Amino acid sequence: VTASDPSRRHSSRTGWLAATFGLSLAAMLTTSNGLAVPILLAMLATARRESRTVILAHVAMALTGVAAFAWLVLRSSAAGAVSPVGHAWAIVAYFTAFFAPFLTYLHEGIGAIAGALLFAAGAGLVVRTWRHGRGATRLEQIVAGLLLFAMASGGMAALGRARFGLDQAAQSRYATFALTYWAALLIGFTEW
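Just so you know, these numbers come straight off a predicted model, no measurement behind them.

A. Quick look at the overall build of the protein chain. Within the protein chain, the secondary structure is distributed over eight helices and zero strands. Its helices and strands taken in sequence order, the protein chain reads α-α-α-α-α-α-α-α from the N to the C terminus. By the burial criterion, 40% of the 192 residues in the protein chain qualify as buried. In the protein chain, the proportion of contacts linking residues at least 24 apart, taken out of those at least 6 apart, comes to 70%. Taken as a whole, the protein chain presents about 10,900 Å² of accessible surface, with 69% of it coming from carbon and sulfur.

Printed below as a string of C-alpha cells:
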C-alpha cells in the first residue's frame, strides 16, 4: 500500500458522487419518473453507510426536484378553475386510484380505497427495507426501488393529470406501473 492510495480512493469516490448527481439531474430533467432517482440513490447511500452529507444531498436534490415539478404543474393549471382544497383531494384520490386501475374502472371510490391500501402495503415494505439497511437482501432492495419508482410515477401523474378525473389513472399506459407495483408487492411479501 502506497501513501497515494487514499488520495486515489478519495478522487475515485468524488468522481462517483459527481457522476451520481449528474445522472440524477439528467434523469429528473428527462422525465417526471426520474424524480425517483435521487431518492433511490439516498437509499443506496444509506445502505452503503455513506456520510450524512451525501445522503442529505440526495434527499435535498429529490425534494427540490419534486417541489419544482409541483410548482410548474400547479402554475400551469388554470387559475381559479378549481378550489385548492378540491384540487388537493382530486390529487390524493387520483394518486391512490393509480395503484388499482382495474378496480377504478369498476368504481372510482373502490379503486381509490383499494389503491390507498396497496400504497400503504408498499410503503410498509419500503420502510422495512430502509430500516434494515445493509441487512436487507439484494432482492428486497430491488423491490423497494420498484415500489418507489411506481409511487413516484403515480405522484407525478397525479399532479399533472388529476384535474381530468380518476378515469385517467386507470388508463392502460398507467396500468403498466400498477402491474409493476403489484409484482413488486407480491415478491416483497413473499421474500418477507
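Next, the rest of the story.
B. Structural context of the nonpolar core. Core analysis: the largest hydrophobic core is formed by 27 residues, its most contacted members being Tyr94, Phe98, Phe99, Val126, Leu147, Met151 and Tyr181. Where this core is concerned, the elements lending two or more residues are helix 3 (52-76), helix 4 (84-97), helix 6 (108-132), helix 7 (138-161) and helix 8 (172-191). Considering every element that reaches this core, the biggest residue donor is helix 7, with 10 residues. With residues up to four places along the chain from it excluded, the contact list for Met151 reads Phe95, Phe99, Phe119, Gly122, Ala123, Val126 and Tyr181.

C. Seen up close, helix 7. In this model, helix 7 (24 residues) spans 34 Å end to end at C-alpha, consistent with the 34 Å of a helix rising 1.5 Å per residue. Counting buried positions along helix 7 gives 17 out of 24 residues, so the element sits mostly inside the fold.

Thresholds, definitions, all that
- Residue positions within a chain follow its written sequence, with the count starting from 1.
- In keeping with the model being predicted, local features are shown solely for residues with a pLDDT of at least 70 and side-chain atom pairs are shown and tallied solely at 80 or more, while totals for entire chains, interfaces and linings include all residues.
- Values reported for side chains reflect all heavy atoms of the structure, with hydrogen atoms and water molecules removed beforehand.
- Under the scheme used here, helices are H or I runs from DSSP no shorter than 4 residues and strands are E runs no shorter than 2 residues, and both carry numbers assigned from the N terminus.
- Note on exposure labels: buried denotes an accessible area under 20% of the residue type's maximum, exposed denotes more than 50%, and partly exposed covers the range between, all computed with a 1.4 Å probe on protein chains only.
- Contacts between residues were defined by any pair of non-hydrogen atoms, one from each residue, lying within 4.5 Å.
- Note on areas: Shrake-Rupley with a 1.4 Å probe; residue coverage comes only from the protein chains shown.
- Here, nonpolar core means buried Ala, Val, Leu, Ile, Met, Phe, Trp, Tyr and Cys residues that are tied together by side-chain atoms lying within 4.5 Å of each other.
- Expected span of a helix: the number of residues minus one, times 1.5 Å.

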